Amino acid sequence: MNPLILKILAQRVALSLLLLFLVSILIFLGTQILPGDVAQSILGRSATPQALENLRQELGLNQPAHTRYLNWLGGVLRGDLGTSLTNGRDIAQAIGQRLGNTLFLAGCAAIIAVPLAIFLGLISVLYRNRWPDKLISGLSLAAISVPEFLIGYVLMFYFGVMLGWAPSVSMVTEGMPFLARLQAIALPVAVLVLVVLAHMMRMTRAAILNVMQSAYIETAELKGLGMFRIIWRHAFPNAIAPVVNVVMLNLAYLVVGVVVVEVVFVYPGMGQFLVDHVAKRDVPVVQACGLIFASVYILLNMVADIVAIIANPRLRHPK
Amino acid sequence: MTEPLLKIRDLRIDATVYPPGEAAREIQIVKGVDLDLQRGKVLGLIGESGAGKSTIGLAAMAYGRGGVRITGGQVLVNGRDVLTLRDSGLRRLRGNEVTYVSQSAAASFNPSRRILEQVTEAAILHGKFTRQQAQARAIDLFGKLGLPDPERIGQRYPHQVSGGQLQRCMTALALCPEPDLVVFDEPTTALDVTTQIDVLKAIKDVIALTGVAALYITHDLAVVAQVADDIMVLRHGEMVEHGATDQIINAPRQDYTRALVSVREIRHDEQPPTPTPVLSVDGISARYSGMHDDVLSDINVALSPGQTLAIVGESGSGKSTLARVITGLLPPRSGRIGFDGHDLTPAQRQRPRQDLRQLQMIYQMADVAMNPRQTVETIIGRPLQFYFGLKGRQRRDRVVALLDQIEMGADFLDRYPAELSGGQKQRVCIARALAAEPKLIICDEVTSALDPLVADGILKLLLQLQKDRQVAYLFITHDLATVRAISDSIAVMHRGKVVRYGPKSQVLSPPFDDYTDLLLSSVPEMRPGWLEQVVAHRRIEAGGE
C-alpha cells in the first residue's frame, strides 16, 4: 500500500460516512412529514386529549425536530434503534435476527449469482454473436423481464408442489441445522439468482468487449494466445472496475430488493418485517429499516469504488 | 538462391469501407504484391498512408485488422502457406515464428500486467523456453537493447517506464521467442526525435546480434535507410520500386520514389525582423490549475508582420501550451501579450471580436477540427458570416474565392469532411482561418499527421498565402525539417523555457547550446550510415567530458 492509495481510500470512506449522515437526515425528515400523529395512531380515535398529551410527553414528541433527530441519531450510534411503537419491543433486537436471515439469503444468492454471471459473461464474449451468446442473452433477458413474484410462484408450484424437491414455504427457525436451512431457502435463492444474473452478465460482457478493442488485445492475438487465455488474462483484469460496480449494485439490490421474494416465500427476513410494520405505521421501525438499507447501499458502493481504485495499476504502482 | 524465409506471391487484400451517406463497399488495399525476404535480412516497406504497408506486414502473420480480408495470393513462411492455416496452426505461427512490434508500445502493452510477464508470455506458452529460460533471455535482451537496470525493469508496469523504454521492451517482447521474422510497424514514429535515434540504434543492433529477419514498415525514408538492406516502395497497394537501400536512396528509378527522396526541398529566404512586431510575448509564465510547477516560465518572443516564427521542441516542452496562452484559453500567471499595437486581454472570453478575428488557429487534427455534419461551404462560410455578416450569394462567392486560393475549387462546396483526403481537410481548415482575414495564424503541428508529399503541398500553400496576404504564422512543430523550410525566426523550447531564439540563420548555425545540438543532430538524414556516425559522435563527446 502506498500513501497515495491510502489517501484516496480515506477520502472515499469519509465521503461514504458523510453520505450516510445526510441520508439519516433525509430519512428522519421523511418520516416527519408523514401525515398523522403517532400518539393518535397508538391510542386510537377514542383517546382523551389528556392521554394523548401524556403519551406525547413520554415519547418526546413535543420537543423540537432537531432535538428529536439528535436524540435518535445518538441512540443509533450507541446501537439503540429505539422501541417499536406497536409492540414495545427493542427494535435493534428484533431486527438483528431478521437482518441475519436476510443477509444469509442474499449471501447465498450472491455466492451463486456473481461467479455464474461472470462466467456466462466470459462465455458470451468467447462465442460473441454465435448461438451460445445469443442463448445466454435471451434466457437471462427473459428471466429479468418476468417479475420476481411470478417466477417465485412458478418455481414454488413446479419444484415445491409438483416435484417436492424443496419446501415451498421458506420458514427458518433458530437452531435449525445448516443444511436444512439451505434446503429451506433453495427456491428464494433461485429466484434471486435469476433476477440479478442478467444485469451482471450483460455488464461483464459489455465491459470485456470494450476492452477487447484495445491494442494490447491485438498484441495478445499476435502472440498466438488462445481466445480464452486472451479474455481471461488480458481483457478481464482491465474490465474489473465496471464489473465490480455492477456486481455491487446488484448485491445491494439483493439485500434491499429481497422484500418481495421474502414475502412470497414467507421468509422471516427484513422484508417481511418491514412490510408488517409499514402497514402499522410503526415509524421508529421504518426509520431503522430505512437506515439499514441505506447503509447497505452505501457500504457496497464504497466497496466497489475501493476495488476499482485498488484494481488500477496506475494507482497501485505509481511512477 | 536458397528458399526465402518469407515469400509473398500476388497478395490481394480487400477491406469494407463505410463512406458517409453511401452503402458500404469493398476497396482493394493490396493489389497483387510479390515479395521475398531471405533469412537474416531486413526489408524496408515504405509508402504513404493507405499504401498498404502495414496490411502487408500483418498478412505475414495471416492477420487482418478490422474489416480487412486477405482475398488471394500466397504468403509462405518457411515454405508453408500461412493463409491456409486454421486456429491451432495460426497460434503456432504467431508469437513463435513471426512476431510483431507496433507503433504505439504504450497502447500495445496490457496496463495491468508486469512487463516481464508480457515479454516472456509467448515464448513460454509456445513451449520454446521454460519460465526461467525465458526470463533470462528477456533480461539479456533488455540489456542488449540498452534499457537501464535490465534485471529489474521487467518487474515494472508499462506506465512506470518512458515511451522510448517501452518501445524497446516491445522489441524484447517480439524477440524473446526467438522468431524467424519480426514485423516492425513504424516502431519509432510516435517517439520524439531525440528518443527515436536511441531506439532506432537499439533495434538495429539487436537485429544484427540475433540475426533475425525483419520487415521494417515506415513512412520515413530517412529512418528506413538506416536499418534496411533492401527497400520496397509501395503506393496505393502496389509495388512502385524494389531495390537495395543504396540504389533507392541514391539512384531511384521511378518518379514517385524520386519525389519521396527529394521531399522537403522547399526554400524560404529569411526576412529580417521589422521594428514593430505583430505579436510580442513578454515574460509569460503559466501553469495548469492544480499543478505546482510552471509549464511555461518567462517566455519572451516576438513575431514581425507577414513572417513566420517557428516554435520547436519535443512533446512536453510547452509549445502547445504557449498557443493556448496566446489564444486566451489558458490565461497566464504573469507577463503580457502584445498584439497589433495593443495588449491582449488574458482570457479569451473577454477579448473583443476584432482580436478574435485577427488571431486564427489551425490544428494538427483537421478531422476533429471540423463539424462532420457541415459541408465545406458552411465550414468556411461560418467566419464570413460571424465576422463580416456576409450571407447568401455574397458569402458563397467569397467561399469559392477562398477555395481557389487553397487550390481546391468550387466543386468542393457541397462536400462533407469525410469525403475529403487528409491534405484537403487541412486545406479547408486553412481556408476557414483565412476567411477571417487574420493578421496572425497559429499553426499547431499542422503537417504532423500528413504524409510527406501532402505536407509539402500544405507548406508551399502556406508560404504562398503568406506572400499574397502578409499574414504572420506562429508555427508550432517538432519537425526540424519543416522549421528549416518555412521559418524566418525560431524559438527552441525545452521543459517550458525558450533555450534558443533568434533569426533562422542564427539559430541554425553553430555554436549550439547542448539541447539544440542534440535536437538538430537527431533529425534522420537520408543516407545509410548516418545513424552510426551520430551515435559514434555522441559517444566521443560523452567520453571527452
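Residues numbered from 1 in each chain as written. Chains lettered and ligands numbered in written order. Predicted model: local features only at pLDDT ≥ 70, side-chain atom pairs only at ≥ 80, totals over all residues. Heavy atoms only, no water.

(A) Just the domain arrangement of chain B, in detail. Residues and elements named next belong to chain B. Structurally, chain B comprises domain 1 (41-63 + 81-261) and domain 2 (279-509). Placing a centre on the C-alpha atoms of domain 1 and another on those of domain 2 gives a separation of 36 Å. In this assembly, 10 residues from domain 1 lie in contact with 5 residues from domain 2. For the pair domain 1 and domain 2, the two sides together bury roughly 700 Å², of which 50% comes from carbon and sulfur. Viewed at the interface, domain 2 and domain 1 are joined by 2 residue pairs in polar contact (both at pLDDT 80 or more). Among the elements of the structure, α8 (193-210) and α11 (255-261) are those that each provide at least two residues to the side of domain 1 that touches domain 2. (Domains from an automatic or database assignment. Contact = heavy atoms within 4.5 Å. Buried area = accessible area lost by both parts, 1.4 Å probe. Polar contact = N/O pair within 3.5 Å; in protein donor to acceptor, adjacent residues only side chain to side chain. Helix = DSSP H or I, 4+ residues; strand = E, 2+ residues; numbered from the N terminus.)

(B) Summary view of the interface of chain B and chain A. If you look at the interface, chain B gives 28 residues, while chain A gives 21 residues. Between chain B and chain A, the buried area comes to about 2,300 Å², and carbon and sulfur atoms account for 54% of it. In terms of surface lost to chain A, no three residues of chain B exceed Y63, E121 and H159 of chain B, which account for 26% of the buried area on that side. Counting the contacts that link chain B with chain A gives 4 salt bridges. Linking chain B with chain A are 18 residue pairs in polar contact (both at pLDDT 80 or more), by the criterion used here. Looking at the side of chain B that touches chain A, the elements with two or more residues in it are β6 (98-101), α3 (105-108), α4 (115-125) and α7 (163-175) of chain B. The class makeup of the residues in the side of chain B that touches chain A is 13 nonpolar, 8 polar and 7 charged. (Salt bridge = Lys/Arg side-chain N within 4 Å of Asp/Glu carboxyl O. Nonpolar A, V, L, I, M, F, W, Y, C, P; charged D, E, K, R; others polar.)

(C) Structural view of the pattern of salt bridges. Here the structure, examined in full by the defined rule, presents 32 salt bridges over all chains. Where D340 of chain B meets K439 of chain B, a salt bridge forms, and the shortest distance between an N and an O atom there is 3.2 Å. With D340 of chain B in the loop between β14 (334-339) and β15 (342-343) and K439 of chain B in the loop between α16 (422-435) and β17 (440-444), this residue pair connects regions lying 99 residues apart in the sequence. Note on D340 of chain B: relative accessible area 33%, which makes it partly exposed. The network of salt bridges with common partners includes K223 and R229 of chain A together with E121 of chain B. (Buried < 20%, exposed > 50% of the residue type's maximum accessible area, 1.4 Å probe, protein only.)

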